[in-house]
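# Examining the three-dimensional arrangement
The residues making up each chain are set out below.
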Amino acid sequence: MDNNKLWQSVLAQMQLYISRANFATWFQNTEIIFKDNEKVVVSVPNAFSKEWLSNKYYKLILKTMREADNTIKELEFKINPQSLNNVKKSLVENEKINIEQLRFDEFKINKDTNLNPRYTFDSFVVGSFNELAHAAGLAVSESPGYTYNPLFIYGGVGLGKTHLIQSIGNKISSSYQKKKVKYMPSEKIVSGIVSAIRSNSMETFKASLTPIDVLIIDDIQFLSGKNKSQEEFFHVFNSLYEKNKQIILSSDRPPNAIPELEERLRSRFSGGITIDISLPDYETRLVILKTKLQEKNHKLPENILEYIATNVKKNIRELEGALNALLIYCKANNNILDVETTKRLLKGFVFSPFNVASYKKVVDSVARFYNLDEKSLFNQTRRKEIVRPRQVAMFLLRKELKYSFPAIARKFGGKDHTTVIYAYKKIQKESEENNKLTEELNLIKQRIYSG
Ligand code: ADP
Ligand code: MG
């Protein structure tokens, strides 16, 4: 393998391990300038890069090189400002193009609606996991304000909520040009409300929302616990709703599972239609991969697509990430890719033993789900908002990890283990009778197992 190829394969690997921004920062203008039987010298553009790469990435880079050529024993970084000129069509260049593309995408976001034109129904793959949400979305986009209001879409990360609700917005914008559509992440509406309160300009803020015909709020679960914002949002919601304006909301969970949400908002959110997006099955994962490849004008062998669809199951975002990583590798290696290399490249994406439950994950997931900090789960309090999550944690430790009752009791401050048995039975029984609890348990389990 020549030096250039060797370095390209290292770069391809590094992209899988570190963020795009870090990659661009630390690997820009690097290359192999010397290699003998044991030693490789990599030139870097400045002392800063040298220090960073030697301290943080030395082992990883060496390991990756050794996978390609196991005679290599040593790695050295050398500062060479000239190297800048030597880099031709390297991966780093590709990366620059990607970043420019990203900026370009941002640039394309519509200033009036905040919508990204990339999200359309055309590019949205439909399968049994999302067909109801898709159908409701289409219906809403055909007669906004008059079918389902509000439309409430929920599901785990990376499953297409943002894509779907923005597609609705884009479709309405193009077929009803007079309608004013506005997309906002919920953090944005919260910060708008907070600064309006601070500057005593709530009326102006509300007035700015009055002309909107379609209001789309993403990740509404972030309203949890923000009481003042909830109060103001309630008024915004009502004034639009009363005028038959369409409201579309997304969340990582259904309204009845959002903690610390005012009852009246909860009931408003559930007042239209509430639909979930679940996980795509194998067939759909394969279709998604093929669709994305087509969009990018690329091809990959069927057996490789099958490998990805079989092994990358967490969500659609990961599926895209895995595909992109492979395409980058292909570009650098004359489009030669076999299943063995795919396996190696996708290590980080593949369902692995790390994705099994652990004590920490159970406790973490329960605490995060109920918006508590971990410590309070272990408080010896009888407060309802703590007792229930604590019982759920005990239940899941038993059910998912097969912890013994006394072991659980020890974790929870040496309580008598009959308390744990009581908690287990209570949650077990209630979940059989109560859909809301079953749904909560499922959502928590999704978090536990999604790593
Ligand atoms: P969420 O908002 O639920 O976290 P996103 O809407 O951001 O998820 O989706 C993550 C990525 O997966 C996006 O790049 C999106 O385009 C893609 N994606 C999600 N669902 C689909 C789908 N049904 N068809 C095609 N691409 C999808
Ligand atoms: Mg989203």
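Notes on the structure in this doc start here. (Residues numbered from 1 in each chain as written. Chains lettered and ligands numbered in written order. Predicted model: local features only at pLDDT ≥ 70, side-chain atom pairs only at ≥ 80, totals over all residues. Heavy atoms only, no water.)

### With respect to helix 14 (residues 316–332)
Taking 1.5 Å per residue, 17 residues should reach 24 Å; helix 14 reaches 25 Å between its end C-alpha atoms and fits that length. Taken together, the buried positions of helix 14 are Ile 316, Leu 319, Ala 322, Leu 323, Ala 325, Leu 326, Leu 327, Ile 328, Tyr 329, Cys 330 and Ala 332. For helix 14, the N-terminal cap is Asn 315; the gap from its side-chain oxygen to the backbone nitrogen of Arg 317 is 3.0 Å. (Helix = DSSP H or I, 4+ residues; strand = E, 2+ residues; numbered from the N terminus. Expected span 1.5 Å × (residues − 1). Buried < 20%, exposed > 50% of the residue type's maximum accessible area, 1.4 Å probe, protein only. Polar contact = N/O pair within 3.5 Å; in protein donor to acceptor, adjacent residues only side chain to side chain.)

### Here we look at the sheet that holds strand 1 (residues 31–35)
Reading across from one edge, 1-2-3 is the order of the three strands in this open sheet, with mixed pairing throughout. At either margin of the open sheet sits one strand with a lone partner, and together these are strand 1 and strand 3 (74–79). Taken over all neighbouring pairs, the strand axes of this sheet differ in orientation by 30° on average, direction set aside. For strand 1 and strand 2 (residues 39–44), the ladder comprises four bridges, and the chain directions are antiparallel. Bridge assignment links Lys 35 to a residue of strand 2, and that residue is Val 40. Across the sheet, helix 1 (residues 3–17) lies against strand 1 and strand 2, angled at about 130° from strand 1, the strand it touches most. (Pairing = 2+ DSSP bridges. Axes fitted to C-alpha atoms, helices over the stretch in contact; angles between N-to-C directions. Contact = heavy atoms within 4.5 Å.)

### Some words on the pairing of strand 4 (residues 151–154)
Residues Leu 151 and Ile 153 point to one face of strand 4 and Phe 152 and Tyr 154 to the other, with burial holding for every one of them. Of the strand pairs in this sheet, strand 4 and strand 7 (residues 246–251) are connected by four bridges, and their pairing is parallel. Residue Leu 151 lies in a different strand from strand 7, and its bridge partner there is Ile 248. The pairing of strand 4 with strand 8 (residues 273–276) spans four bridges and is parallel.

### Structural notes on the site of ligand 1
Near ligand 1 you find 18 residues, and of these Gly 158, Thr 162, His 163, Lys 292 and Glu 320 are the closest. Within the side chain of His 163, one N or O atom sits 2.7 Å away from an oxygen atom of ligand 1. In the model, a nitrogen atom of ligand 1 is placed 2.7 Å from a nitrogen or oxygen of the Lys 292 side chain. At the level of secondary structure, the elements contributing two or more residues to the shell around ligand 1 comprise helix 7 (161–175) and helix 14. For the shell around ligand 1, a count of residues per class yields six nonpolar, seven polar and five charged. (Near = heavy atom within 4 Å. Nonpolar A, V, L, I, M, F, W, Y, C, P; charged D, E, K, R; others polar.)

### A closer look at the environment of Tyr 359
Tracing the chain through its elements places Tyr 359 in helix 16 (residues 359–369). Each C-alpha atom, one on Tyr 359 and one on Glu 203, is 49 Å from the other, the two residues being 156 residues apart in sequence. Beyond its immediate sequence surroundings of up to four residues, Tyr 359 is in contact with Phe 378, Leu 397, Leu 401, Tyr 403 and Lys 411.

### A short note on the sheet that holds strand 6 (residues 214–218)
Within a beta sheet, neighbouring strands are joined by backbone hydrogen bonds and run either parallel or antiparallel to one another. Pairing within the open sheet is parallel, and its five strands lie in the order 5-6-7-4-8. Each edge of the open sheet is held by one strand with a lone partner, namely strand 5 (181–185) and strand 8. Strand-to-strand twist of the sheet, defined as the mean angle between neighbouring strand axes without regard to direction, takes the value 15°.

### Quick notes on the packing of aromatic side chains
Counting across every chain of the model gives twelve aromatic pairs. Consider the rings of Phe 27 and Tyr 57, whose centres lie 5.9 Å apart with planes at 50°: the pair is tilted. Residue Phe 27 is located in helix 2 (residues 20–27), and its partner Tyr 57 is located in helix 3 (residues 47–68); the two are separated by 30 residues in the primary sequence. Considered together, Phe 27 and Tyr 57 belong to a single accessibility category, that of buried residues. With a centroid separation of 6.3 Å and 70° between ring planes, the pair formed by Phe 233 and Phe 237 is classed as edge-to-face. One end of the pair, Phe 233, and the other, Phe 237, are both in helix 10 (residues 227–242), four residues apart, so they sit about a helical turn from each other. In this structure, Phe 233 and Phe 237 share a single accessibility class: buried. (Phe/Tyr/Trp six-rings, centres within 6.5 Å; stacked < 30°, edge-to-face > 60°.)

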